Amino acid sequence: MSDLGKIDRELFDTVIYPELGADREDVTLGPTHGIDFGVIDVDGKALVTATDPLSVLPGLGFERAGRFALDVVLADVAVSGVPPSHLSVTFTLPPEMTDDELAAMWHGFAGRAEEVGVSVVTGHTARYSGVDYSWVGGATVLGVGSHDDVVRPDGARPGDKLVVGTGPAAEVTGLFARLFPAQIGLSPDRIATAQERLADTALVEDAMAAASAGNVTAMHDATEGGIVGAFIEMADGAGVRFDVDSDAMPVADGVDALCDALDIDPWHVSSCGTLLAAVDPADADNVVSALRDRGTPAAVVGEVSEGTGLYVDGTQRSHPGADPSWEAFARLQAAADGDPNSR
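Residues numbered from 1 in each chain as written. Predicted model: local features only at pLDDT ≥ 70, side-chain atom pairs only at ≥ 80, totals over all residues. Heavy atoms only, no water.

### Side note on the domain arrangement of the protein
You can read the domains of the protein as domain 1 (21–149) and domain 2 (160–335). Taken over C-alpha atoms, the centre of domain 1 sits 22 Å from the centre of domain 2. Interface area, domain 1 with domain 2, both sides summed: about 1,700 Å², of which 70% is carbon and sulfur. Seen at the junction of domain 1 and domain 2, the total is one salt bridge. Across the contact surface, domain 1 and domain 2 share three residue pairs in polar contact (both at pLDDT 80 or more). Per-element tally for the side of domain 1 that touches domain 2: the top contributor is helix H2 (residues 62–78), with eight residues. When the residues that make up the side of domain 1 that touches domain 2 are grouped by side-chain class, the tally is 13 nonpolar, four polar and five charged. (Domains from an automatic or database assignment. Buried area = accessible area lost by both parts, 1.4 Å probe. Salt bridge = Lys/Arg side-chain N within 4 Å of Asp/Glu carboxyl O. Polar contact = N/O pair within 3.5 Å; in protein donor to acceptor, adjacent residues only side chain to side chain. Helix = DSSP H or I, 4+ residues; strand = E, 2+ residues; numbered from the N terminus. Nonpolar A, V, L, I, M, F, W, Y, C, P; charged D, E, K, R; others polar.)

Written as structure tokens, this is what we have:
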């Protein structure tokens, strides 16, 4: 059985991938490891689509939780280089969620959708017994564009430069500091700094800015498995080698302190909002500037060459497998619930 989080590759390859329903010619990109979106041809246009579960975390406050939930589901289409435009959403809510809490959550969710030009076109909202926070439904995101504009995570080429926006562990840092400020063991000032990282989890605007600034050959977001996992997926998918300089990596304030306190590797944990891109070397500085102009920390952190695998400071790195943030979350939740053995 797989650990918490996404199922492992063996289970995907043996159970999911062999049975994908009808074989249709209009599906130009179907389920593929390391690629979190699909592409359908509709009268010569590329319809990019992705589906994700919806997580609503009451500890963030319901309006902020709604914004965060939407940012997570929009990311997979955004990294295709095609702007997300339409959304189908299902909320399967716990019975204890009040009408006022639902209204606040939806205000944040729909308000964020309006900011990025996304329309909700259909959905289903209901309360059901047996449902608990935080996993309360799912959403499918759509974007329409030219097939030539689609950027795949496996498109990196030898000679490309590697650009990172935001840096590692922003999502985990911001979420944990908001949800468990008393359990992490940092000073109030450091917790406050870490909480600011929740604002770094929005990816749509960064992905669009990068795609418009130059010849971006591959983009990916650093979710489960973090930067290491995402870079390995990109390198393996393209059949190339990635060399990364750790000293060049942008790291936001509060990340190292929180990850050290929880004994987790910031390069291994989920970081929605962190953009990884392979870029034509002639355009790498333009992409970095476009991200920085938005206020996003960004840098060229490495390059692509012939070969295989991810190398950080000359040492090959392996995929972390299970994301350590799951276990850290469980420890913090147990501590919040009063378990004396949780730390």
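Right, picking up where we left off after that structure.
### Side note on the pairing of strand S8 (residues 216–222)
The buried count for S8 comes to seven of seven residues, which makes it a mostly enclosed element. As defined by bridge partners, S8 adjoins strand S10 (residues 271–279) across six bridges and the pair is classed as antiparallel. Note on S10: the bridge partner recorded for Asp221 is Leu275. (Buried < 20%, exposed > 50% of the residue type's maximum accessible area, 1.4 Å probe, protein only. Pairing = 2+ DSSP bridges.)

### Side note on the sheet that holds strand S2 (residues 38–42)
One key point about sheets: their strands pair by backbone hydrogen bonds, in either a parallel or an antiparallel sense. As summarised here, the arrangement of the six strands in space is S1-S2-S3-S6-S4-S5, forming an open sheet in which the pairing is mixed. The strands lining the two open edges of the sheet, one partner per strand, are strand S1 (27–29) and strand S5 (119–127). Across the sheet, the axes of successive neighbouring strands diverge by a mean angle of 20 degrees, strand direction being ignored. Across the sheet, H2 is in contact with strand S3 (45–55), strand S4 (86–93) and strand S6 (135–145); its angle to S3 comes to roughly 145 degrees. Each of S3, S4 and S5 is contacted by helix H3 (residues 99–115), which is oriented at about 160 degrees to S4, the strand it contacts most. (Axes fitted to C-alpha atoms, helices over the stretch in contact; angles between N-to-C directions. Contact = heavy atoms within 4.5 Å.)

### A look at a nonpolar patch on the surface
A surface patch of nonpolar side chains, amounting to about 490 Å² of accessible area, comprises Ile7, Leu11, Val15, Ile16, Tyr17 and Leu20. For Ile16, the location among the structural elements is in helix H1 (residues 9–16). (Patch = residues over 30% accessible without salt bridge, like charges linked within 9 Å, V, L, I, M, F, W, Y side chains within 5 Å. Areas by Shrake-Rupley, 256 points an atom, 1.4 Å probe, with all protein chains shown as cover.)

### Some points on the nonpolar core
Core analysis: the largest hydrophobic core is formed by 75 residues, its most contacted members being Phe91, Phe176, Ile184, Met219 and Leu258. Taken domain by domain, this core gets at least three of its residues from each of domain 1 (21–149) and domain 2 (160–335). One finds Val228, Phe231, Phe242 and Val244 within the second-largest nonpolar core, a separate group that totals 24 residues. (Core = buried A, V, L, I, M, F, W, Y, C linked by side-chain atoms within 4.5 Å.)

### Some remarks on helix H9 (residues 284–293)
Listed in full, the buried residues belonging to H9 are Ala284, Val287, Val288, Ala290 and Leu291. Projected down its long axis, H9 shows its buried positions confined to an angular sector of 160 degrees, all on one face. For H9, the exposed residues lying more than 90 degrees away from the buried face are Asp285, Arg292 and Asp293. Among the residues trailing H9, Gly295 stands out with phi positive, at a value near 90 degrees. (Arc of directions from axis to C-beta.)

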